[in-house]
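Analysis of the macromolecular model
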Amino acid sequence: MQITLIAIGKTDDPDLERLIAIYEKRLQHYIKFQLQVIPDIKNSKNLSEAQQKEKEGELILGQLQNSDVLILLDEKGKQYTSVEFSQFLQKKMNSGIKNLVLAIGGPYGFSDTVYNRCNGKISLSKMTFSHQMVRLFFVEQLYRGFTILRNEPYHHQ
């Protein structure tokens, strides 16, 4: 299985980029992982919230294959403990999925079209985080999940 994390807009903080890269490299020991960054929408200030979500949605959906399983990182999604998330990953791997795609939306979330295409939603917290921070938190949780599955000493109960 491959895991692809789709995010809207590049990270403009070099410290965050460095930390994300550390976890991306660590993940390579467990699974094929790819962070796919979709450029910010140009002239988004001239667009309504709905128009911006629609354009971002088209770009997200344009990255998908029909067989991809799409999980949205969304405030209304299911919350997991780290151990539960590792079990979620194991179930996905056992199910024979070729590509598990997780998407971080833009500042206004996802369009209805993206919600209709998704296969599930995960929430990292009830709190709101910047989209750039979510990338770091999520790649760390992916790494943590795989260390839990391998009984490695990274995670402590």
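Before going into details, it helps to say that this report is about the structure given with it.

Cut-offs and rules
Residues numbered from 1 in each chain as written. Predicted model: local features only at pLDDT ≥ 70, side-chain atom pairs only at ≥ 80, totals over all residues. Heavy atoms only, no water. Helix = DSSP H or I, 4+ residues; strand = E, 2+ residues; numbered from the N terminus. Rg over C-alpha atoms; globule rule 2.2 N^0.38 Å. Buried < 20%, exposed > 50% of the residue type's maximum accessible area, 1.4 Å probe, protein only. Areas by Shrake-Rupley, 256 points an atom, 1.4 Å probe, with all protein chains shown as cover. Lys, Arg positive; Asp, Glu negative; His and termini not counted. Charge placed at Lys NZ, Arg CZ, Asp CG, Glu CD. Expected span 1.5 Å × (residues − 1). Arc of directions from axis to C-beta. Contact = heavy atoms within 4.5 Å. Polar contact = N/O pair within 3.5 Å; in protein donor to acceptor, adjacent residues only side chain to side chain. Core = buried A, V, L, I, M, F, W, Y, C linked by side-chain atoms within 4.5 Å. Pairing = 2+ DSSP bridges. Axes fitted to C-alpha atoms, helices over the stretch in contact; angles between N-to-C directions.

Let us look at the overall build of the protein chain. The helix and strand tally for the protein chain stands at five helices and five strands. Going residue by residue from the N terminus, the α and β elements of the protein chain occur as β-α-β-α-β-α-β-α-β-α. Here the protein chain has a C-alpha radius of gyration of 15 Å; the compact-globule value for 157 residues is 15 Å, and the two agree. The dimensions of the protein chain, computed from C-alpha atoms along their principal axes, are 50 × 35 × 25 Å. Per-residue burial for the protein chain yields a buried fraction of 44% across its 157 residues. When the accessible surface of the protein chain is totalled, it reaches about 9,100 Å², and 47% of it is carbon and sulfur. Charge-centre separation for the protein chain: the mean point of 20 positive side chains lies 5 Å from the mean point of 17 negative side chains.

Time to look at helix α1 (residues 14–27). Each full turn of the α-helix corresponds to 3.6 residues, which orients residues three or four apart in the same direction. Here α1 contains 14 residues, and its C-alpha end-to-end distance of 20 Å stays within 8% of the 20 Å for a straight helix at 1.5 Å per residue. Of all the residues in α1, the buried ones are Leu-16, Ile-20, Tyr-23 and Leu-27. When α1 is viewed along its axis, its buried side chains cluster within an angular range of 60 degrees and face the same direction. Residues of α1 that are exposed and point over 90 degrees away from its buried face: Pro-14 and Lys-25. Looking at the buried residues of α1, the elements they touch are β2 (32–38) and α5 (131–149). Where α1 starts, the residue carrying a side-chain oxygen 2.8 Å from the main-chain nitrogen of Asp-15 turns out to be Asp-13.

Let us now look at the nonpolar core. Counting 28 residues, the largest nonpolar core has Ile-3, Leu-100 and Leu-102 as the members making the most contacts within it. Contributing elements (two or more residues each) for this core: β1 (2–8), α1, β3 (69–78), α3 (82–94), β4 (99–104) and α5. Among the elements that take part in this core, α5 stands out by supplying seven residues, more than any other. What Leu-102 contacts, discounting residues up to four positions off in sequence, is Ile-3, Thr-4, Leu-5, Ile-6, Ile-71, Leu-73, Ile-122 and Phe-138.

With that settled, consider helix α2 (residues 49–61). Relative to the 18 Å expected for 13 residues at 1.5 Å per residue, α2 spans 18 Å between its end C-alpha atoms, a close match to the ideal helical length. Taken residue by residue, α2 has Gln-52, Glu-56, Gly-57 and Ile-60 as its buried positions. Looking straight down α2, one finds that the buried residues subtend no more than 135 degrees of arc, so they occupy a single side. The outward face of α2, more than 90 degrees from its buried face, is lined by the exposed residues Ala-50 and Glu-58. Summarising the contacts, the buried residues of α2 are in contact with β1, β2, β4 and α4 (112–117).

To continue, consider the sheet that holds β3. The five strands lie next to each other as β2-β1-β4-β3-β5, forming an open sheet whose pairing is parallel. A single partner strand is all that each edge strand has here, and the edge strands are β2 and β5 (120–122). The sheet shows a mean angle of 30 degrees between the axes of neighbouring strands, direction not considered. Bridge count between β3 and β4: five bridges; the pairing is parallel. Bridged to Leu-72 within β4 is Ala-103.

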